[in-house]
Amino acid sequence: MDADTMMGTELSGLRLRRPEVAGTVLAGTDGLLISSDLPATDATHLAALAAASFGLGHRVADTVRHGEFRESVVRTSAGAVVTYPAGRNALLTLVADASADLEELHADARAVARRTGSVLDTSRRVGVAPVREAHAALAARTSGGRLPRRVSSHAWRRPPI
């Protein structure tokens, strides 16, 4: 089974086991969508918002020195949106109904996040752009890299005072 099939199976399996979960989104920590099982909401936007939520939660946890970020929970009048880290560079976000027991959901969701995160960590690098070596030679400048000169038809004049 390839990584994409495994992730899709994990996300749909979570929804089958937990009927209070309305949808799932797996995204990179950069906010780019990896996989989604979300029927109603735009998964791309939720992926970006989950990355922002993770960044803020991670920063708060780091500032108060209370350990690593575990989850971000947003409770609404109709339910909750919960984001978990999935490996080094991904996030699992769940949209749950108001009937959801979050304590039970956390255990199941963390297990799915661990499994999908380990697959992502070993199969591909998510959310990480290749970085050039610090001491590598700089690229040669070519004439194509110059900006065109601006040609002005009139001379600059001082505005009236």
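Below: a short report on this structure. (Residues numbered from 1 in each chain as written. Predicted model: local features only at pLDDT ≥ 70, side-chain atom pairs only at ≥ 80, totals over all residues. Heavy atoms only, no water.)

### Examining the environment of Gly-23
Then, number 1: Along the chain, Gly-23 turns up in strand β1 (residues 21–28).
Then, number 2: The exposure class assigned to Gly-23 is buried, which follows from its relative accessible area of 0%.
Then, number 3: Between the alpha carbons of Gly-23 and Val-95 there is a distance of 5.3 Å; along the sequence they are 72 residues apart. (Helix = DSSP H or I, 4+ residues; strand = E, 2+ residues; numbered from the N terminus. Buried < 20%, exposed > 50% of the residue type's maximum accessible area, 1.4 Å probe, protein only.)

### Things to note about the sheet that holds strand β4 (residues 79–85)
Then, number 1: In space, the five strands of this open sheet follow the order β2-β1-β5-β4-β3, with antiparallel pairing throughout. The sheet terminates laterally at β2 (33–36) and β3 (72–76), the two strands that pair on one side only. Strand-to-strand twist across the sheet, computed as the mean angle between neighbouring axes with direction ignored, equals 15°.
Then, number 2: When β1 meets β2, the two strands line up antiparallel, connected through three bridges. Residue pairing across strands places Ala-27 opposite Leu-33, the latter belonging to β2. (Pairing = 2+ DSSP bridges. Axes fitted to C-alpha atoms, helices over the stretch in contact; angles between N-to-C directions.)

### Quick word on the nonpolar core
Then, number 1: One finds Leu-26, Tyr-84, Leu-92, Leu-94, Leu-102 and Leu-105 to be the most contacted residues of the largest nonpolar core, which totals 22 residues.
Then, number 2: Looking at this core, the elements that each hand over two or more residues are α1 (3–17), β1, β4, β5 (90–97) and α3 (102–123).
Then, number 3: For this core, the element with the highest residue contribution is α3, accounting for seven residues.
Then, number 4: Tyr-84 has contacts with Arg-70, Glu-71, Ala-90, Leu-91, Leu-92, Leu-94, Leu-105, His-106, Ala-109, Arg-110 and Ala-113, leaving out every residue within four places of it along the chain.
Then, number 5: Val-25, Ala-27, Leu-38 and Ala-47 belong to the second-largest nonpolar core, a separate cluster that totals six residues. (Core = buried A, V, L, I, M, F, W, Y, C linked by side-chain atoms within 4.5 Å. Contact = heavy atoms within 4.5 Å.)

### A look at the side chain of Thr-83
Then, number 1: Topologically, Thr-83 is positioned in strand β4.
Then, number 2: For Thr-83, the side chain forms a polar contact with the side chain of Thr-93, separated by 3.1 Å.
Then, number 3: Apart from residues lying up to four places away in sequence, Thr-83 is in contact with Ala-50, Phe-69, Arg-70, Glu-71, Ser-72, Leu-91, Leu-92 and Thr-93. (Polar contact = N/O pair within 3.5 Å; in protein donor to acceptor, adjacent residues only side chain to side chain.)

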